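This is what each chain is made of:
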Amino acid sequence: MVSMNLADLFIMAVVYTNMVNPNITREYVSYFVFFAPGLTITALFAAAFMIGREINMEVRREISHYMLSLPIKRLELALGRVLAGGFRGVIYMAPLLATTLGITYIYTSASPNPLQLLTIITTLSLLSIGTSGLSIALALSTTSFEKYITARGVVYYVLFFCSTVFYPMGLIQSALPQLTLIAQYNPLSCGADLSRAFLLGNPPFDPLMLVDVALFALIFASIATLAYMKVTQK
Amino acid sequence: MISLRRVWTVAERDIRMFLRYKFLLIMRAIWFIAQIALFGLIVNSMFRTDVQNAVGGSYFNYYAAGIIVTMLYSTAVFIGYDIYEEADHGVIEYLLSVPVSRKELVLGRSIGGGLRSFLYVGPMMLFVLYLIGVSSVLQLLAALLSLFLFTFGVSGFSITLAVSIKSSDRFDILMGVTDALIVRLSTTLYPIAYMPQYYAGIALINPLTFAADLFRWGAGIESAAITPPLLAAFGIVAFFSMFTFLGIFLHERRLEGGGWQ
């Protein structure tokens, strides 16, 4: 996964930089610099999403029965799983965020102040928790591994390609305007754009980005917790 | 003496096994649709006019053809994972006991691995050819023949690595790294002309470059940015020969004796 992420940044983004219309990425120095914060999101999302696969397997093999025998309340167990998935994403994301900070500093000579950095980390942590919740909710919606894999594929690609992780919003609006609304409220877009706002100064910071990600985390962490409690009681 | 009937029996078994991986096939199909319908369309409008001209008029067509070759590669390497699955369940010992020589076994597996990849990617390839539009049937047939050899070569490559390493974890990591680099350091996603020199050197000798450019030539994409077809075909034949030979050589020597992790 690390090699895939780094190859995306240091090979794909480098080559795309030589091909992209400079008018599209002018506000972001270059495509390479534009994509760097997006890389953090791809890494975080992939790592936080992994917990769903494990939970789907546990439910199919009834390992959840063993979990119930542990001296932990069901609410604590369910919430713990959601948070654990989120923390995995944060741990995996940390070195890539450091890489992004390094890249943006080299190209723009600007670095975020402590409050901005804290806001970025908080937002990305919330995004990671929301992703973990989404993944668990999806994993618990079916006991069929094939169906889970299919649903995961659809969610994964729709969320990624209908977001500003790989391309700026203006481009989505002009190329596929039907996707604008999804891309605008997509938590991955909000996470990527919030990071860009503080690291590159563009797009401008909007508190709604943080609210969007917080709502995403709250909704999916709650759904996943309730679904996990319900499934383990069966 | 190699019996073609026995080689085909081995290949047929691998094709049947592959069709059982429904979830994998569905995932790849979703990935293909998302890559073409979302990423491909949006990225197409991101590039400069000179880039569009250099890739034959439309980056979307160039990209769609490259995605097909990426899919051929990723489904053909799956044979290596099958070998580990078999080692895990003790099927390798069973295969060694059947009246098929080691050479027939590895040849059958390479052909089966290549054919199943072609069978799976076939409908998507037809769709992409429909989008691009074929200008010369003869050219296309020549390109498809080379792509057949390419998929056999990739299967041989995967078998070679699997039987050399004999550790599923190491194989998984190596394939992950190889996959990340081999696709990005090729012309499947972008032409060599826009790569920095240090990447272009690798892309020039990458079998995925040969396969992708040959498929584009077969589909009639007129572009100066693609590798000359004769050179690409030669590269694919060399790749196929090398890894089929290595696969047979290593398979014969390393398959027995256990040691699978």
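Residues numbered from 1 in each chain as written. Chains lettered and ligands numbered in written order. Predicted model: local features only at pLDDT ≥ 70, side-chain atom pairs only at ≥ 80, totals over all residues.

Side note on the overall build of chain A
Argument step 1. For chain A, the helix and strand inventory stands at 11 helices and 0 strands.
Argument step 2. Taken from the N to the C terminus, the helices and strands of chain A come in the order α-α-α-α-α-α-α-α-α-α-α.
Argument step 3. For chain A, whose C-alpha radius of gyration is 18 Å, the value lies close to the compact-globule estimate of 17 Å for 234 residues.
Argument step 4. Principal-axis analysis of the C-alpha atoms gives chain A an extent of 60 × 35 × 35 Å.
Argument step 5. Expressed as a percentage of its 234 residues, the buried residues of chain A come to 46%.
Argument step 6. Contacts in chain A between residues far apart in sequence, at least 24 positions, make up 79% of those at least 6 positions apart. (Helix = DSSP H or I, 4+ residues; strand = E, 2+ residues; numbered from the N terminus. Rg over C-alpha atoms; globule rule 2.2 N^0.38 Å. Buried ≥ 20, exposed ≤ 12 C-beta atoms within 10 Å, placed from the backbone. Contact = placed C-beta atoms within 7 Å.)

Here we look at the overall build of chain B
Argument step 1. Helix and strand counts for chain B stand at 12 helices and 0 strands.
Argument step 2. Overall, chain B shows an N-to-C arrangement of helices and strands of α-α-α-α-α-α-α-α-α-α-α-α.
Argument step 3. Its C-alpha atoms give chain B a radius of gyration of 19 Å, near enough to 18 Å, the size a compact globule of 261 residues would have.
Argument step 4. Taking the principal axes of the C-alpha coordinates as reference, chain B spans close to 60 × 35 × 35 Å.
Argument step 5. Within chain B, the fraction of its 261 residues that count as buried is 48%.
Argument step 6. By sequence separation, contacts in chain B at least 24 residues apart represent 83% of the contacts at least 6 residues apart.

Re the packing of helix H1 (residues 2–19) of chain A against helix H9 (residues 168–184) of chain B
Argument step 1. Contact geometry of H1 of chain A with H9 of chain B gives a least axis separation of 9 Å together with a crossing angle of 15°. By the angle between their directions, the pair H1 of chain A and H9 of chain B is classed as roughly parallel. Crossing angle aside, the handedness with which H1 of chain A passes H9 of chain B is right-handed. Along the contact surface, H1 of chain A presents Ser3, Met4, Ala7, Ile11 and Met12 of chain A, while H9 of chain B presents Gly176, Val177, Ala180, Leu181 and Arg184 of chain B.
Argument step 2. Taken together, the residues that form the contact of H1 of chain A with H9 of chain B break down as 7 nonpolar, 2 polar and 1 charged. (Axes fitted to C-alpha atoms, helices over the stretch in contact; angles between N-to-C directions. Parallel < 35°, antiparallel > 145°, perpendicular 65-115°, else oblique. Left-handed = near helix turned anticlockwise from the far one by under 90°. Nonpolar A, V, L, I, M, F, W, Y, C, P; charged D, E, K, R; others polar.)

Notes on the confidence of the model for chain A
Argument step 1. Overall, the predicted model of chain A reaches an average pLDDT of 90, with 99% of residues at or above 70.
Argument step 2. Of all the helices and strands in chain A, helix H4 (residues 64–68) of chain A carries the lowest mean pLDDT, 79, while helix H6 (residues 114–140) of chain A carries the highest, 95. (pLDDT = per-residue confidence, 0-100.)

Description of the interface of chain A and chain B
Argument step 1. At the junction of the two partners, chain A supplies 28 residues and chain B supplies 29 residues.
Argument step 2. Looking at the side of chain A that touches chain B, the elements that each hand over two or more residues are H1, helix H7 (145–161) and helix H8 (169–175) of chain A.
Argument step 3. At 9 residues, the largest contribution of residues to the side of chain A that touches chain B is made by H1 of chain A.
Argument step 4. Its residues assigned to classes, the side of chain A that touches chain B shows 21 nonpolar, 6 polar and 1 charged.

Description of the nonpolar core
In summary, soluble globular proteins display a tendency toward joint burial of nonpolar side chains.
Argument step 1. Counting residues in hydrophobic clusters, the biggest one holds 152 residues, and the most contacted among them are Leu44 of chain A together with Ala65, Ile68, Ala211, Leu214 and Phe215 of chain B.
Argument step 2. When sequence neighbours within four positions are dropped, the list of residues in contact with Leu214 of chain B reads Ala143, Ser146, Leu147, Pro229, Ala232, Ala233 and Ile236 of chain B. (Core = buried A, V, L, I, M, F, W, Y, C linked by C-beta atoms within 7 Å.)

A closer look at helix H12 (residues 229–254) of chain B
Since one α-helical turn is 3.6 residues long, residues separated by three or four positions face the same way.
Residues and elements named next belong to chain B.
Argument step 1. Over its 26 residues, H12 extends 36 Å from the first C-alpha to the last, a length consistent with the 38 Å expected when each residue adds 1.5 Å.
Argument step 2. Burial in H12 covers these residues: Ala232, Ala233, Gly235, Ile236, Phe239, Phe240, Phe243, Thr244, Gly247, Ile248 and His251.
Argument step 3. Packed against the buried residues of H12 are helix H7 (102–132), helix H8 (137–165) and helix H11 (207–219). (Expected span 1.5 Å × (residues − 1).)

Topic: the confidence of the model for chain B
Argument step 1. Confidence in the prediction for chain B averages 86 pLDDT; 97% of positions are at 70 or higher.
Argument step 2. Across the whole predicted complex the pTM is 0.86, and at the interface the ipTM reaches 0.84.

A short note on the environment of Val20 of chain A
Argument step 1. The topology assignment puts Val20 of chain A in the loop between H1 and helix H2 (22–25).
Argument step 2. Overall, the presence of 24 C-beta atoms within 10 Å leaves Val20 of chain A in the buried class.
Argument step 3. Taking the C-alpha atoms as reference points, Val20 of chain A and Ala139 of chain A, 119 residues apart in sequence, are found 38 Å from one another.
Argument step 4. Setting aside residues no more than four positions away along its own chain, Val20 of chain A makes contact with Thr25 and Tyr31 of chain A together with Met46 and Phe47 of chain B.

Some remarks on the packing of H8 of chain B against H12 of chain B
Residues and elements named next belong to chain B.
Argument step 1. At their nearest, the axes of H8 and H12 sit 7 Å apart, and the two run at 30° to each other. As for how H8 packs across H12, the hand of that crossing is left-handed. Contact residues: Ser146, Leu149, Phe150, Phe152, Gly153, Gly156, Phe157, Ile159, Thr160, Val163 and Ser164 in H8; Ala233, Ile236, Val237, Phe239, Phe240, Phe243, Thr244, Leu246, Gly247, Leu250, His251 and Arg254 in H12.

Describing the environment of Ile106 of chain A
Argument step 1. In this fold, Ile106 of chain A is placed in helix H5 (residues 74–108).
Argument step 2. A sequence separation of 110 residues divides Ile106 of chain A from Phe216 of chain A, and the C-alpha atoms of the two residues are 33 Å apart.

Things to note about unusual backbone geometry
Argument step 1. Put simply, Asn202 of chain A and Pro203 of chain A share a cis peptide bond, and its omega is -5°.
Argument step 2. As for its placement among the helices and strands, Pro203 of chain A is situated in the loop between helix H10 (187–199) and helix H11 (207–233).

A closer look at the environment of Tyr148 of chain A
Residue and element names in this part refer to chain A.
Argument step 1. Secondary-structure assignment places Tyr148 in helix H7.
Argument step 2. Accessibility expressed as a C-beta count within 10 Å gives 24 for Tyr148, which makes it buried.
Argument step 3. Sequence separation between Tyr148 and Leu97 is 51 residues, and the spatial gap between their C-alpha atoms is 30 Å.
Argument step 4. Excluding residues within four positions of it along the chain, Tyr148 makes contact with Asn56, Leu138, Ala139 and Thr142.

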